[in-house]
Amino acid sequence: MAGNSFGQLFRLTTFGESHGKAIGGVLDGCPAGVELDIEKIQLELNRRKPGQSAIVTQRKEPDTVEVYSGIFERKTTGTPIGFAIHNTNQKSKDYSHIKDSYRPSHADYVYDKKYGFRDYRGGGRSSARETASRVVAGAIAKQFLSDIQINAFVSQVGELKMGKSYQELDFSLIESNPVRCPDPEMAQKMEDYIKSIKKEGDTIGGVITCVAQNVPIGLGEPVFDKLHATLGAAMLSINAVKGFEYGSGFEGIKMKGSEHNDAYNQDGTTKTNRSGGVQGGISNGMDIYFNVAFKPVATILQSYETINKEGEPVTTQGKGRHDPCVVPRAVPIVEAMAALVLADFTLLARTNKI
């Protein structure tokens with residue numbers, strides 16, 4: 001299986017399956033001398049781990065990271081950083097009913113056709129559990145990017161959408177509720193809605209907004225490796241993501257060029273920021289902001305029709321422990337992937353000129 005690595009200089013390779021002994025990764029290219037707080041890495045994992053509230057999967061995993069290399073006396077050595085997170089609470093029997101059939105809109109069918117074999121326990125490599133390794137690497141990237149602030153939050157669940165711009169929000173409220181929405185009133189509505197969806201045995205999608213502040217000018221390459229293109233690729237690599245837009249996004253098509261253009265101030269900043277902090281594929285020093293759309297989780301705890309390996313129609317029902325809405329737990333994953341992109345381009349920018 002190819003495609004398990006991300007990044008050029010600041011490069012992550014992940015390994016492991018949902019119901020295997022462990023998941024983990026190797027982070028290569030992190031410069032030596034970065035002071036690392038392991039507790040902060042664990043805190044990021046705690047934000048992603050299952051069982052943290054009533055509106056997420058109740059799989060109980062401590063998700064404790066063990067670092068095996070690349071760090072000495074709390075500083076990076078410049079060598080590959082190897083780490084693992086051991087799985088402790090698998091219930092593989094919960095998936096025996098899909099051994100010979102396929103969940104609609106899941107990776108089951110295409111994995112079987114592509115490889116001729118699949119690990120049906122929790123989806124194997126296609127499980128979102130793989131993203132825990134990304135969160136570890138992203139937490140390291142955040143500490144490398146100490147001057148850049150990256151905050152993501154839930155801005156929409158189903159039809160429930162915040163009517164505020166990110167500039168109106170207090171990011172310190174993101175962790176004040178299980179939905180990770182910084183608008184307390186809307187957060188309560190979202191939480192109640194997710195609970196009602198869960199009672200139905202169904203799932204619902206949502207949107208995560210991410211904001212990166214204090215990003216220097218000059219990150220990103222102007223042709224194929226545009227900053228926004230790589231951010232889009234990073235976000236679209238996350239399980240269940242169906243859409244990415246940055247800056248004015250799709251709303252920008254409603255405006256004339258004279259309305260959409262970001263006029264300059266004398267210091268090079270812009271009066272507006274419809275560009276979303278990126279122009280010509282290169283960061284311009286303004287806030288980078290983007291939205292990531294997540295579909296409803298494919299596994300539903302209802303009876304549904306599908307086909308088996310022989311192509312015969314069968315009726316089955318989802319079992320096990322699954323998220324009724326993935327977006328609350330995906331917030332730290334979005335932040336992690338943004339941090340990995342910015343860390344990689346920070347290193348690449350050092351090669352641009354003398």
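Details of the structure are given in the entry above.
Read on for an overview of the structure.

### What about the overall build of the protein?
Moving on, step 1. A tally of regular secondary structure across the protein gives 7 helices and 16 strands.
Moving on, step 2. Against the globule reference of 20 Å for 354 residues, the protein gives a C-alpha radius of gyration of 21 Å, in line with a compact fold.
Moving on, step 3. Along the longest, intermediate and shortest principal axes, the C-alpha atoms of the protein span 65 × 50 × 40 Å.
Moving on, step 4. Put simply, the protein has 354 residues, and 51% of those count as buried.
Moving on, step 5. A sequence separation of at least 24 residues applies to 71% of the contacts in the protein between residues at least 6 apart.
Moving on, step 6. When the accessible area of the protein is evaluated, it comes to approximately 16900 Å², of which 53% is carbon and sulfur surface.

### Comments concerning the layout of surface pockets
Moving on, step 1. The volume enclosed by the second largest pocket comes to roughly 700 Å³.
Moving on, step 2. Taken together, 25 residues line the second largest pocket, and the ones lying closest to its centre are Lys161, Val207, Thr209, Glu245 and Asn291.
Moving on, step 3. Ranked by residue count, the leading element in the lining of the second largest pocket is strand β14 (residues 288–294), at 5 residues.
Moving on, step 4. Partitioned by chemical class, the residues of the lining of the second largest pocket number 10 nonpolar, 10 polar and 5 charged.

### Structural notes on the pairing of strand β16 (residues 313–317)
Moving on, step 1. Sheet topology places strand β15 (residues 303–307) next to β16; 5 bridges connect them, and they run antiparallel. In the strand pairing of β16, Glu305 is matched with Thr315.
Moving on, step 2. As consecutive antiparallel partners, β15 and β16 are separated by 5 residues, and within that stretch Gly311 has a phi angle of approximately 80 degrees, a positive value.

### Here we look at unusual backbone geometry
A negative phi angle is the norm for most residues apart from glycine, just as the trans form is the norm for most peptide bonds.
Moving on, step 1. Here the phi dihedral of Arg74 falls at roughly 65 degrees; this positive angle occurs in a residue that is not glycine.
Moving on, step 2. Residue placement: Arg74 occurs in the loop between β5 (71–72) and β6 (75–76).
Moving on, step 3. A residue is classified by how much of its surface remains accessible, and Arg74, at 42% relative accessible area, is partly exposed.

### Side note on the packing of helix α3 (residues 131–144) against helix α7 (residues 327–349)
Moving on, step 1. One can describe the packing of α3 onto α7 by two numbers: an axis separation of 7 Å at closest approach and a directional angle of 50 degrees. What the angle tells us is that α3 and α7 run oblique. When you trace α3 past α7, the crossing you get is left-handed. Between α3 and α7, the contacting residues are Thr131, Arg134, Val135, Ala137, Gly138, Ala141, Lys142 and Phe144 on the first element and Pro332, Ile333, Glu335, Ala336, Met337, Ala339, Leu340, Ala343, Thr346 and Leu347 on the second.
Moving on, step 2. Looking at the contact of α3 with α7 residue by residue, the class counts come to 12 nonpolar, 3 polar and 3 charged.

### Some remarks on the sheet that holds strand β9 (residues 160–161)
Moving on, step 1. The 5 strands lie next to each other as β9-β8-β10-β14-β11, forming an open sheet whose pairing is antiparallel. Two strands close off the open sheet at either side, each with one partner strand: β9 and β11 (241–246).
Moving on, step 2. Pairing between strand β8 (residues 149–157) and β9: 2 bridges, direction antiparallel. Across the sheet, the residue bridging to Val157 is Leu160, located in β9.
Moving on, step 3. The strands that helix α5 (residues 227–236) touches are β11 and β14; relative to β11, the one it contacts most, it runs at about 160 degrees.

About the cut-offs
- Residues numbered from 1 in each chain as written.
- Predicted model: local features only at pLDDT ≥ 70, side-chain atom pairs only at ≥ 80, totals over all residues.
- Heavy atoms only, no water.
- Helix = DSSP H or I, 4+ residues; strand = E, 2+ residues; numbered from the N terminus.
- Rg over C-alpha atoms; globule rule 2.2 N^0.38 Å.
- Buried < 20%, exposed > 50% of the residue type's maximum accessible area, 1.4 Å probe, protein only.
- Contact = heavy atoms within 4.5 Å.
- Areas by Shrake-Rupley, 256 points an atom, 1.4 Å probe, with all protein chains shown as cover.
- 1 Å grid on protein atoms, 1.4 Å probe; cavity = no way out; pocket = protein on both sides within 12 Å on 5 of 7 lines; lining within 4 Å.
- Points joined across faces, edges and corners; volume = space filled by probe spheres on them.
- Nonpolar A, V, L, I, M, F, W, Y, C, P; charged D, E, K, R; others polar.
- Pairing = 2+ DSSP bridges.
- Axes fitted to C-alpha atoms, helices over the stretch in contact; angles between N-to-C directions.
- Parallel < 35°, antiparallel > 145°, perpendicular 65-115°, else oblique.
- Left-handed = near helix turned anticlockwise from the far one by under 90°.

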